[in-house]
Amino acid sequence: MRAENIIWLFLVLLVLLVVVISSVQAVPIFSRVGAIDPVGSKAACPFPESGSISVPISMLGQGLVIPFGPTRSAQEKPVGDHITGEVQHGSLVEELLQGNLKFRDDVYNASIERNQELAAGQNPGVLWIGCSDSRSDPERITGAGPGELFVTRNVGNIVPNHDWSLAAVLEYSINYLNVQEIVICGHSDCGAIKSLDKDLHDPYIPLWLNDAREAKTRVDSRIMVPKTPEEMKERNHQMELENVRLQVEHLMTYPSVKTAVSEGRVHVSGLYYDLATGTLSVVT
Ligand SMILES: [Zn+2]
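In this text, all values refer to a predicted model and were calculated from it rather than measured experimentally. (Residues numbered from 1 in each chain as written. Predicted model: local features only at pLDDT ≥ 70, side-chain atom pairs only at ≥ 80, totals over all residues. Heavy atoms only, no water.)

1. Focus: the overall build of the protein chain
Selection rule: Elements are defined by DSSP. Helices are runs of H or I of four residues or more, strands are runs of E of two residues or more, and each kind is numbered from the N terminus. Categorising residues by exposure relies on relative accessible area from a 1.4 Å probe, with only protein chains included: less than 20% of the type maximum marks a residue as buried, more than 50% marks it as exposed, and the intermediate range marks it as partly exposed. Residue contacts are counted whenever heavy atoms from the two residues lie within 4.5 Å of one another. Method for areas: the Shrake-Rupley scheme with a 1.4 Å probe, in which residue coverage is limited to the protein chains shown.
A count of helices and strands for the protein chain gives twelve helices and seven strands. Looking at the protein chain residue by residue over its 284 residues, the buried ones come to 28%. Contacts in the protein chain between residues at least 24 apart in sequence constitute 60% of all its contacts with a sequence separation of at least 6. Here the protein chain has roughly 19,500 Å² of accessible surface; of this, 60% comes from carbon and sulfur atoms.

2. Observations concerning the pattern of salt bridges
This is how it is decided: In the sections that follow, a salt bridge refers to a side-chain nitrogen of Lys or Arg positioned within 4 Å of a carboxyl oxygen of Asp or Glu.
On inspection of all chains with the given rule, the structure shows 16 salt bridges. Between D189 and R135 there is a salt bridge, and its shortest N-O distance comes to 3.0 Å. Here R135 lies in the loop between β3 (126-131) and α6 (138-142) and D189 lies in the loop between β5 (181-187) and α8 (191-195), a separation of 54 residues in the sequence. On the basis of relative accessibility, which here comes to 32%, the residue R135 falls in the partly exposed class. Connected through salt bridges with shared partners, the residues E214, R218, R222, E242, R245 and E249 form a single ionic network.

3. Considerations on the coordination of the zinc ion
Test applied: Donor criterion used throughout: N, O or S atom within 2.8 Å of the metal, extended to 3.2 Å for Na, K and Ca. Water excluded; incomplete-looking sites may result.
Coordination of the zinc ion by the protein involves C131 (SG), H187 (NE2) and C190 (SG), with metal-donor separations of 2.0 to 2.3 Å. Overall, C131 belongs to the buried group, its relative accessible area being 7%.

4. Describing a nonpolar patch on the surface
So the rule is basically this: Distance thresholds for patches are 9 Å for like charges and 5 Å for nonpolar side chains (Val, Leu, Ile, Met, Phe, Trp, Tyr), applied to residues having over 30% relative accessible area and no salt bridge.
Nonpolar side chains collect at one region of the surface, where V87, V93, L96 and L97 lie side by side and expose about 370 Å² of accessible area between them. Locating V87 in the fold gives a position in the loop between α3 (72-75) and α4 (92-108). Residue classification places V87 among the partly exposed positions, given a relative accessible area of 40%.

5. A few points about the pairing of β3
Inclusion rule: Two strands qualify as a pair provided DSSP detects at least 2 bridges between them.
Extensive coverage of β3 is indicated by the burial of five of its six residues. As judged from the six bridges shared by β3 and strand β4 (residues 149-154), these two strands associate in the parallel manner. The residue of β4 that forms the bridge with G130 is R153. Pairing of β3 with β5 involves five bridges; the strand directions are parallel. Within the sheet, the bridge partner assigned to G130 lies in β5 and is C185.

6. Focus: the packing of helix α7 (residues 164-175) against helix α12 (residues 255-262)
For any two helices packed against each other, one specifies the crossing angle of their axes together with the interaxial distance. Here is the rule: Helix axes are fitted to C-alpha atoms over the stretch in contact, other axes to C-alpha atoms as well, and angles between N-to-C directions run from 0 to 180 degrees. By definition in this entry, angles of less than 35 degrees are roughly parallel, angles greater than 145 are roughly antiparallel, angles of 65 to 115 are roughly perpendicular, and the rest are oblique. We call Asp, Glu, Lys and Arg charged. Ala, Val, Leu, Ile, Met, Phe, Trp, Tyr, Cys and Pro are nonpolar, and the rest, Gly among them, are polar.
With their axes 9 Å apart at the nearest point, α7 and α12 run at an angle of 30° to one another. With respect to α12, the element α7 is oriented roughly parallel. Facing L170, E171 and I174 of α7, the residues of α12 in contact are S256, V257 and A260. Classifying every residue of the contact of α7 with α12 by side-chain character gives four nonpolar, one polar and one charged.

7. Some words on the layout of surface pockets
Put simply, the test is: In this analysis, the protein atoms alone were mapped onto a 1 Å grid. Cavities are point sets where a 1.4 Å probe fits without being able to get out; pockets are open sets with protein on both sides within 12 Å along at least five of seven lines; lining residues have an atom within 4 Å of a point. Grid points are joined across faces, edges and corners, and a volume is the space filled by probe spheres set on the points.
What the largest pocket holds in volume is close to 240 Å³. Residue assignment for the lining of the largest pocket shows that the elements contributing at least two residues are α11 (229-251) and β6 (267-274). The dominant element in the lining of the largest pocket, judged by the number of residues it contributes, is α11, at five residues. Across the lining of the largest pocket, the residue classes break down as three nonpolar, three polar and six charged.

What follows is the structure in structure tokens.
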């Protein structure tokens, strides 16, 4: 056989060998990495549905375990499954609906002209920032009528620093509703203020209360350590008042408020509601 033919035969055998090896290894290799899987089958997925990935120390400087699993949305029922459109007989929601019928007949329709005006637009004079406490409903304790108060309430009547939600309320009420007064109202027996003394482990409440902790620090720096229940009660009262002052300070850091106050368009007040007497007073 000529040397040229031997070379050609060798090349053909070499090509055949490469093809055979590739066909044998292709499936397991692709299955392992999950890189090419035309139907995306679970069998080809390189990871289990849940568990954790251990990242070796050499990659990160220190060991790290990254947990993973199904996303929350995959675990939860679709939102629509929770809404039946039916109200359970005897439920609190049924009570609310019944109450609304009574309100509509006795209150709304009794002032139908005013309520029809309000249906077309609002022009409140006051922005009320209050606590979510169920006992401190601003319209009830002030006798304000519908459309008179623009209200935002949260746990502890707090004005957080750099809060987008509150910033939007402030800008909207000042720049578009042209409110003339902003009120921050605290109240007695406030759960938020009492929580400043507790070591809570909830994921969000302690973070939220961070913008009120200064009130506790200020009060504790100027009074003796309380010893009797009466002294403890008085300390809480002082913290509730100080929290109103503190939140007024926070309020003034928002540009929309600062500008409106400096131009004399808006006046800011701190108020305090005493649940035990029903009295609303000015915090100085
Ligand atoms: Zn409260």
